[in-house]
Structure formats: structure tokens, C-alpha cells
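# Structure assessment
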Amino acid sequence: MITSNKAMRSFAAGILAAMATTAFAQTPAATVGYVKTVTGQAWVTTIGQRVPAVPGTAIMIGSQLKTQPQSTLGVTFKDNTVMSFGPDTELTVDDYLYEPAQGQLKLGSSLAKGSLNYVSGVIAKLKPDAVTVKTPTGIIGVRGTQFVARVEEVK
Amino acid sequence: MTAAKTMKHKISQMAVTAMAVALLGACTTPPPPPPPQLSYVTLLPSPDGSIGKVVVQGQRGEQLLTQAQQGVFLDGSKPPFAVSAEQLERDFGASMKARPALPEQFLLYFEQGGTQLTAESKSLLARIVERALARLAVDMSVIGHSDTQGAANANEALALKRATAIAEQLRGLGLKDTVMVIESHGERNLLVPTPDDTAEPRNRRVEITLR
């Protein structure tokens, strides 16, 4: 009886573990995008945890993306928005909402310094005023297009 | 009045005039020019060739870009200006070169009522796998859809079955470890708008996006 209980418990634990793994592999809850390209050295900092960016590194709401001098980084978001960064760049993902069926769409980011190439995805297509890039001197609003922006750090 | 005296008088007059001009100048001279502005945005055509718009709400004004290769300072202080190809390359060459491959989309269609692909769509599977494997750190979404024939909740379930079946087939064909987000949009996201309870082959589909 005890043995079968134990077996039952470990079986249940196994199922839970399998479910957790599947859930993580199929629908990473808070992941809003992934790193796709890196040259030189770049970092992704999420909830105080800094990891070197490599293709496949997950981007979440609140993630800070940073490139070193002579380095670049490219990321693709869930809604097909594509952003890439030149050397010595710092961008934070402030808001990301992608629930097209509920009409909940938002992509807010802050470019503190450096250079950005942005190609709009589904969010900008469905809700044009939902995409913003904040910079120290002004806010960029996007109406479905590609743009490049550069922020010279205030010293 | 001697010539020397006249001269002196003239000189003092000139000096006063010069001082007045200098003073006047001091009053109307604008504040020292701001440091050169290097923070700006430039509108480019989308990869599909269309040109959208960029709005800048800056500390010193609002500006609108509507033409390709038009730039504007991020503080909004000045009207748009043209940005040369050389300047684009100098300031943005590295970030443009780092741009990941753009996402690719495929549509797979189904026979009525089940998870059986049409023959044509079935032959697309190998191509999807090939394209996925060619990408760096690919992640994909597999979204199932139905037409409006039958009840909405049954269609929600059917569309999920379709997406899951396709995901399994793709895993079997070589995408075993690929990150896949599997979802159902049921009959809520029609490709071809129809009234309720309408069989429409183009709405019975799974949308695959490779990123």
C-alpha cells in the first residue's frame, strides 16, 4: 500500500514536471521575444539578472538590452516586430501586450543611448498609436513603417 | 574748428555709435547655440516597400515624417531635413546590418471538419521545415483557425486540434526542439469574412510564422 502510494506520488510528480516542461517549451509565459543576432558582446538584464546575449536568449517585459562598443544585437518580438542595435546602445522594453483577439496591443520601449533599426510588426499594423520609443529628448511614435533612430548620450 | 578737433569729434562719435551697436547687439544676440544635435530619427521604407509615418513629440515641438530618408531631431525643434545615404550608413550601418531575418509566414489548408491537410498544403510541410532549419535560433507560432460552420466552441477545439496536429508533424519532420507557441483562434479570425454557419475552405487553416 505504502509502495503504491509512493509510486502514485512520484507518478503524479512526473506528470506535473512533464506539464511544466511542456508549458515552458510551448508557451513561455512572459517571453515577448528572442535574441536572433549578436556580434561582439551584448547583454540582456531581466529582473536584475544579467546574461550574455546569444541567439535564443529570451526577452521579457522589463528586459534591458545593452551592446558594448563595436558590438551589435538583433531581436524579434512575438508580433514580428524586429529591432536591431548598433554599438554602445541601451534599450529597455517597458511595455508589451500582444493579445490581438482582445484588442490589447502595446509596445513601449526606451532608448537611452545608441542606435536602433526598427521594423514594425503586427502591433503597429493593428493599432498604430500603440508603438512608442521614448528617448531623453522626445518620444517617437510609429505608424507602420521602418525607421532608424540615434540617441547621443547627454554628458 | 580745427581739422584735428573735427577729427577727434568724429572719432568719439564713431566710438559712441560702435558702443551703441555693440550694446544693441548684446541685447538681441540669441543665447549661445545649443550643442550640435546628434539625436535624430529617420523614416525608411518598410521591407515591403510601403512608407508609413513617424511622429516625434519632443521637448521643443512636434514633428511628422512622411517621406523616406527624411530625418528630424528628437527634441522636435526643427522641421524635417533630408538624410543622405552616406550619413545613414555612418550612423546606422551597424544596426541595419544586425537586423535579423524578417519573419516568414505560411498558410496550411484543411479538408472539411477534421485535421486532414489538403494535398497541396501537405506538400508544403517539408519546405516549412527546411526554411525553419535555415534560420538562426528559430521560434515559431502555430495558430489554428476554422470556418464558421458549426458551433463556435466546437470550432475553437477543432482549430486547436489542427494546430496541435501540425505541430506534431513538424516535430516529426525535424523540428523536434523548436520553440513553438500553439494557439487556437477558432472562428474568431477569419481570413475570408463569411456569415455564421458557412463552409469556407480558405478559413480552415493553420498559420505558421517562423521568426
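Keep in mind that this is a model prediction, so the values were computed, not measured. (Residues numbered from 1 in each chain as written. Chains lettered and ligands numbered in written order. Predicted model: local features only at pLDDT ≥ 70, side-chain atom pairs only at ≥ 80, totals over all residues.)

Helix and strand counts for chain A come out as two helices and 12 strands. Starting at the N terminus and ending at the C terminus, chain A contains elements arranged as α-β-β-β-β-β-β-β-β-β-α-β-β-β. Considering chain A as a whole, with its 155 residues, one finds that 43% of them fall into the buried category. (Helix = DSSP H or I, 4+ residues; strand = E, 2+ residues; numbered from the N terminus. Buried ≥ 20, exposed ≤ 12 C-beta atoms within 10 Å, placed from the backbone.)

Within chain B one finds five helices and nine strands. Each helix and strand of chain B, ordered N terminal to C terminal, gives the series α-β-β-β-β-β-α-β-α-α-β-α-β-β. Split into buried and exposed, the 211 residues of chain B put 31% on the buried side. By sequence separation, contacts in chain B at least 24 residues apart represent 61% of the contacts at least 6 residues apart. (Contact = placed C-beta atoms within 7 Å.)

Time to look at the interface of chain A and chain B. Chain A puts 42 residues into the contact, and the matching count from chain B is 46 residues. For the side of chain A that touches chain B, the elements supplying multiple residues, two or more each, are α1 (2-26), β1 (31-39), β6 (72-77), β7 (82-85), β9 (104-119), β11 (138-143) and β12 (146-151) of chain A. Classifying every residue of the side of chain A that touches chain B gives 17 nonpolar, 21 polar and four charged. Two elements, β11(A) and strand β2 (residues 53-58) of chain B, share six bridges in a ladder whose sense is antiparallel. Bridging from a neighbouring strand, I140(A) pairs with V56(B) of β2(B). (Nonpolar A, V, L, I, M, F, W, Y, C, P; charged D, E, K, R; others polar. Pairing = 2+ DSSP bridges.)

Once that is clear, we can look at the environment of I143(B). Residues and elements named next belong to chain B. As for its placement among the helices and strands, I143 is situated in strand β7 (residues 139-144). Through-space distance from the C-alpha of I143 to that of R162 is 8.6 Å; in sequence the pair is 19 residues apart. Not counting residues within four places of it along the chain, the set of residues in contact with I143 comprises A163, E183, H185, V206 and E207.

All right, on to the sheet that holds strand β9 (residues 205-210) of chain B then. Residues and elements named next belong to chain B. One open sheet holds the four strands; their spatial order is β6-β9-β7-β8, and the pairing between them is mixed. One side of each edge strand has no neighbouring strand; the edge strands of this open sheet are β6 (104-109) and β8 (179-184). Averaged over all pairs of adjacent strands, the angle between their axes in this sheet comes to 15°, without regard to strand direction. Each of β6, β7 and β9 touches helix α4 (residues 125-133); the most contacted strand, β9, lies at about 20° to it. Strand contacts of helix α5 (residues 152-172): β6, β7, β8 and β9, with the helix running at about 160° to β8, the strand carrying the most contacts. (Axes fitted to C-alpha atoms, helices over the stretch in contact; angles between N-to-C directions.)

Let us look at the nonpolar core. Membership of the largest hydrophobic core comes to 50 residues, with the highest contact counts inside it found for L73(A), F147(A), A149(A), V41(B) and V54(B). When residues in this core are grouped by element, the largest group, six residues, is from β9(A). Beyond its immediate chain neighbours, meaning those up to four positions away, A149(A) contacts L111(A), L116(A), V133(A), I140(A) and V41(B). If you look at the next biggest cluster of nonpolar residues, it comprises 20 residues, including L108(B), A132(B), L158(B) and L170(B). (Core = buried A, V, L, I, M, F, W, Y, C linked by C-beta atoms within 7 Å.)

On to the environment of R171(B). Residues and elements named next belong to chain B. Tracing the sequence through the fold places R171 in helix α5. In this structure R171 comes out as partly exposed when scored by C-beta crowding, with 14 C-beta atoms within 10 Å. For the pair R171 and L124, spaced 47 residues apart in sequence, the C-alpha to C-alpha distance is 15 Å.

Counted residue by residue, strand β1 (residues 40-44) of chain B has five buried out of five residues, so it is predominantly covered. What you see with β1(B) is no split at all: Y40(B), T42(B) and L44(B) on one side and V41(B) and L43(B) on the other are buried throughout. Where β12(A) lies against β1(B), five bridges are found, and the strand directions are antiparallel. Residue pairing for β1(B): F147(A) is matched across the bridge by L43(B). Sheet topology places β1(B) next to strand β4 (residues 70-73) of chain B; three bridges connect them, and they run antiparallel.

Attention now goes to the confidence of the model for chain A. When pLDDT is low, close inspection of the predicted coordinates is not appropriate. When pLDDT is averaged across chain A, the result is 85; 80% of the residues are at 70 or more. For residues 1-29 of chain A, every residue scores under 50 in pLDDT, and the model assigns this stretch six contacts once sequence neighbours within four places are set aside. (pLDDT = per-residue confidence, 0-100.)

Take the domain arrangement of chain B next. The domain boundaries assigned to chain B delineate domain 1 (40-97) and domain 2 (104-210). For domain 1 of chain B versus domain 2 of chain B, the distance between C-alpha centres works out to 38 Å. (Domains from an automatic or database assignment.)

This paragraph deals with unusual backbone geometry. Residue and element names in this part refer to chain A. A positive phi angle, near 60°, is found at Q70, a position not held by glycine. Not every positive phi belongs to a glycine, and N80 is a case in point at roughly 80°. Note that N80 resides in the loop between β6 and β7.

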